[in-house]
Amino acid sequence: MYTMEQAERLAADFLREKSVGWENEVALFGEDEYRAKKGEFFYFAWQSAKYVATRDDKYFAYGATHISVHSVTGECRFLSIHECLSEDPFGHRSRG
């Protein structure tokens, strides 16, 4: 079973691999509020690297920006926008 730190490394490697050739550089958020474990999965949020660094809305990338990592297998995948909203792994929807 993976730890949060190991899963985060897997997610970062997955994101780096999948984003090769993308127009914008992307990165995982560093704050704890953008990483979570629910059931068998770890979740990590990512965004454009410029947005993560500055929080300037002009750099915000729209769309599904979560990665799930299975806690046993280490399998990583992007969540669809519907999964991001329904799973709400960081509790952002319940914050009013």
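What comes next concerns the included structure. (Residues numbered from 1 in each chain as written. Predicted model: local features only at pLDDT ≥ 70, side-chain atom pairs only at ≥ 80, totals over all residues. Heavy atoms only, no water.)

Of all hydrophobic cores here, the largest spans 12 residues; its members are Ala7, Ala11, Phe14, Leu15, Val26, Leu28, Phe42, Phe44, Trp46, Ile67, Val69 and Cys76. Among the secondary structure elements, those contributing two or more residues to this core are α1 (4-18), β1 (26-28), β3 (41-48) and β4 (66-70). Take this core: its biggest share by element is four residues, from α1. Counting 10 residues, the second largest nonpolar core, distinct from the first, contains Phe29, Ala45, Leu79 and Cys84. (Core = buried A, V, L, I, M, F, W, Y, C linked by side-chain atoms within 4.5 Å. Buried < 20%, exposed > 50% of the residue type's maximum accessible area, 1.4 Å probe, protein only. Helix = DSSP H or I, 4+ residues; strand = E, 2+ residues; numbered from the N terminus.)

On inspection of all chains with the given rule, the structure shows 10 aromatic pairs. Both rings, one in Phe60 and one in Tyr62, keep their centres 4.8 Å apart while their planes meet at 75 degrees; by these two values the pair is edge-to-face. By the ring-pair criterion, three or more aromatic residues cluster together here, those being Phe29, Tyr34, Tyr51, Phe60, Tyr62 and Phe90. (Phe/Tyr/Trp six-rings, centres within 6.5 Å; stacked < 30°, edge-to-face > 60°.)

What follows concerns α1. Look at α1: 21 Å from first C-alpha to last across 15 residues, which is about the 21 Å you get at 1.5 Å a residue. Where α1 is concerned, the buried positions are Ala7, Ala11, Phe14 and Leu15. On an axial view of α1, the arc spanned by its buried residues comes to 95 degrees, and they lie on one face. Exposed side of α1, more than 90 degrees from the buried face: Arg9, Arg16 and Glu17 are the residues found there. (Expected span 1.5 Å × (residues − 1). Arc of directions from axis to C-beta.)

This part is about the environment of Arg35. Here Arg35 shows up in strand β2 (residues 35-38). In this structure the C-alpha to C-alpha distance between Arg35 and Gly74, which are 39 residues apart in sequence, comes to 15 Å. Dropping the residues within four chain positions of it, Arg35 is found in contact with Met4, Glu8, Phe29, Gly30, Tyr43, Phe44 and Phe90. A distance of 2.4 Å separates a polar atom in the side chain of Arg35 from a polar atom in the side chain of Asp32. (Contact = heavy atoms within 4.5 Å. Polar contact = N/O pair within 3.5 Å; in protein donor to acceptor, adjacent residues only side chain to side chain.)

By themselves, these figures tell us nothing about what the structure is for.
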